[in-house]
Amino acid sequence: MKILVIEDEKAAAKRLISLIQQEIPTAAIVAQIDSVKKSVAWFQENTSPDLVFMDIQLADGLSFEIFEHTKVSAPIIFTTAYDQYAIQAFKVNSIDYLLKPIDAEELSAAVEKYQSYHQAHSAPKPEQPDLSQLQQALQMLQSPGYKNRFVVKVGEHIKAIPVEEVLYFFSQEKMTYLQTHAGKHFIIDYPLDQLEEMVNPAAFFRISRKYIVRLSAIDDIITYSSSRLKLKLKHSDDSDVLVSRDRVTDFKQWLDQ
């Protein structure tokens, strides 16, 4: 059985692959991919796997974008950190959904569901997911009151940045910026204190007076002292990104949710 894993968080990918190998010892992990762009290229250059485990939020955008650029005929088990009840709204578009952190029993049940489907439909694969339904469901997953996009000024132009494209927010010289997956940063009109209330706490964490970060923005976490942590962030030259001492415990709990 050939399985493709699409997941941008190294720790999550490692755990998922370990659980898959425990559940299906004969499974071959054909690749582990961390972005929309690389996923599109992989599907265009390789034969279809038997099953795909696909994270919804990837390093360069939402995995739904993959279906806009290439055909995916393999059955899919999505993984997500979103609310399990809202997920029920669009389960019909895939074999199953697993809520992070992934539980071994739930993965086992999802694999059994795939095997039952495969036996009942030995010839055809599941149809290409309906993108309109997936995008509509994503809107349902956004908690009420949290911002979906931020308006920024680019020269004489105005641009809307979807919150899914934001890696982190930071303050510098009395200005507030947002940093994107694409490596660009923009000035925004909100202070970090206000932004902290605007974004979903399941997706973003205020690590200090200077930074609000998304998990996928973190390249490395280093023990700085007995009570401090230092982060290495994507697209950042700041070598002194520290988790405030009074936030370390909450930060670790947020990582482990």
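The present account deals with the structure reproduced in this document. All residue numbers refer to positions counted from 1 along the written sequence of the respective chain. Totals for whole chains, interfaces and linings use every residue, but because this is a predicted model, local features are given only for residues with pLDDT of at least 70 and side-chain atom pairs only at 80 or more, for both listing and counting. By convention in this description, side-chain values take in all heavy atoms of the structure and omit both hydrogens and water.

## Brief notes about the overall build of the chain
In terms of helices and strands, the chain carries eight helices and 17 strands. Working rule for contacts: check all heavy atoms of both residues, and any pair within 4.5 Å makes them a contact. The long-range share in the chain, meaning contacts at least 24 apart out of those at least 6 apart in sequence, stands at 54%. All accessibility values rest on the Shrake-Rupley procedure with a 1.4 Å probe; residue burial counts only the protein chains present in the view. Looking at the chain as shown, the accessible area adds up to about 14000 Å², and 47% of this sits on carbon and sulfur atoms. Segments assigned H or I by DSSP are reported as helices when at least four residues long, segments assigned E as strands when at least two residues long, and all are numbered from the N terminus.

## Regarding the sheet that holds strand 15 (residues 218-223)
Here three strands make up an open sheet; going across it, the order is 15-16-17 and the pairing antiparallel. Two strands in the sheet have a free side with no partner beyond their single neighbour: strand 15 and strand 17 (241-243). Ignoring strand direction, the axes of neighbouring strands in this sheet form an average angle of 30 degrees. When DSSP finds two or more bridges between two strands, those strands count as paired. In this sheet, strand 16 (residues 229-233) lies alongside strand 15 in antiparallel orientation, the contact comprising five bridges. Residue pairing across strands places Thr223 opposite Leu229, the latter belonging to strand 16. Axes here refer to lines fitted to C-alpha atoms; in helices the fit is confined to the stretch in contact. Angles between the N-to-C directions go from 0 to 180 degrees. Here helix 8 (residues 248-255) sits on the sheet and contacts strand 15, strand 16 and strand 17; the angle it forms with strand 16, its principal contact strand, is near 50 degrees.

## A word on the pairing of strand 9 (residues 157-162)
Two elements, strand 8 (residues 149-154) and strand 9, share six bridges in a ladder whose sense is antiparallel. Bridging from a neighbouring strand, Phe150 pairs with Ile161 of strand 9.

## Brief notes about the sheet that holds strand 11 (residues 175-180)
In spatial order, the strands read 12-11-10-14-13; together these five strands make up an open sheet with antiparallel pairing. What marks the edges here is a single partner per strand, and that holds for strand 12 (185-188) and strand 13 (204-206). Within this sheet the neighbouring strands show an average axis-to-axis angle of 25 degrees, counted without direction. Sheet analysis places strand 11 next to strand 12, joined by four bridges and oriented antiparallel. Of the residues in strand 12, the one forming a bridge with Leu178 is Phe186. Across the sheet, helix 8 is in contact with strand 13 and strand 14 (211-214); its angle to strand 13 comes to roughly 170 degrees.

## What about helix 2 (residues 36-45)?
When we look at burial in helix 2, the residues that qualify are Val36, Ser39, Val40, Trp42 and Phe43. In an axial view of helix 2, the angular spread of the buried residues amounts to 165 degrees, which keeps them on one side of the axis. Exposed and facing more than 90 degrees away from the buried side of helix 2 are Lys37, Gln44 and Glu45. Contacts made by the buried residues of helix 2 are with strand 1 (2-6), strand 2 (28-33), strand 3 (51-55), strand 4 (57-58), strand 5 (61-62) and helix 3 (66-69). As used in this structure description, the phrase polar contact means that two N or O atoms lie within 3.5 Å; if the pair is within protein, one of them must be able to donate a hydrogen and the other to accept it, and residues adjacent in sequence are counted only when both atoms belong to side chains. The backbone nitrogen of Lys38 lies 3.1 Å from a side-chain oxygen of the residue at the head of helix 2, namely Ser35. Buried means the residue's accessible area, taken with a 1.4 Å probe over protein chains only, is under 20% of the maximum for its type, while exposed means over 50%, and partly exposed covers the values in between. This arc describes the spread of directions from the helix axis toward the C-beta atoms.

## Thoughts on the packing of aromatic side chains
Each aromatic ring pair is described using two quantities: the centre-to-centre distance and the angle formed by the ring planes. Working definition: a ring pair exists when centres of Phe, Tyr or Trp rings (six-membered ring for Trp) sit within 6.5 Å. Plane angles under 30 degrees give stacked, over 60 give edge-to-face, the rest tilted. Counting across every chain of the model gives 13 aromatic pairs. Judged by centre distance (6.5 Å) and plane angle (65 degrees), the rings of Phe67 and Phe78 are edge-to-face. Here Phe67 is found in helix 3, whereas its partner Phe78 is found in strand 6 (residues 76-80), with eleven residues between them in sequence. Judged on exposure class, the residue Phe67 and its partner Phe78 are both buried. Measuring from ring centre to ring centre gives 6.0 Å for Tyr168 and Phe170, while their planes differ by 50 degrees; the resulting arrangement is tilted. A single burial state applies to Tyr168 and to Phe170, both of which are buried.

## Comments concerning the side chain of Ser108
Within the fold, Ser108 resides in helix 5 (residues 104-120). We classify Ser108 as buried; its relative accessible area is 16%. Separated by 3.1 Å, the side chains of Ser108 and Glu23 make a polar contact.

## Some words on the side chain of His181
Inspection of the secondary structure assignment puts His181 in the loop between strand 11 and strand 12. Owing to a relative accessible area of 13%, His181 belongs among the buried residues under this scheme. Apart from the residues within four sequence positions on either side, His181 is in contact with Leu58, Ala59, Asp60, Glu164, Glu165, Val166, Leu167, Arg214, Ser216 and His235.

## Brief notes about unusual backbone geometry
The backbone phi angle of Lys174 is positive, close to 65 degrees, even though this residue is not glycine. Residue His235 is not a glycine yet carries a positive backbone phi of 55 degrees. Secondary-structure assignment places His235 in the loop between strand 16 and strand 17.

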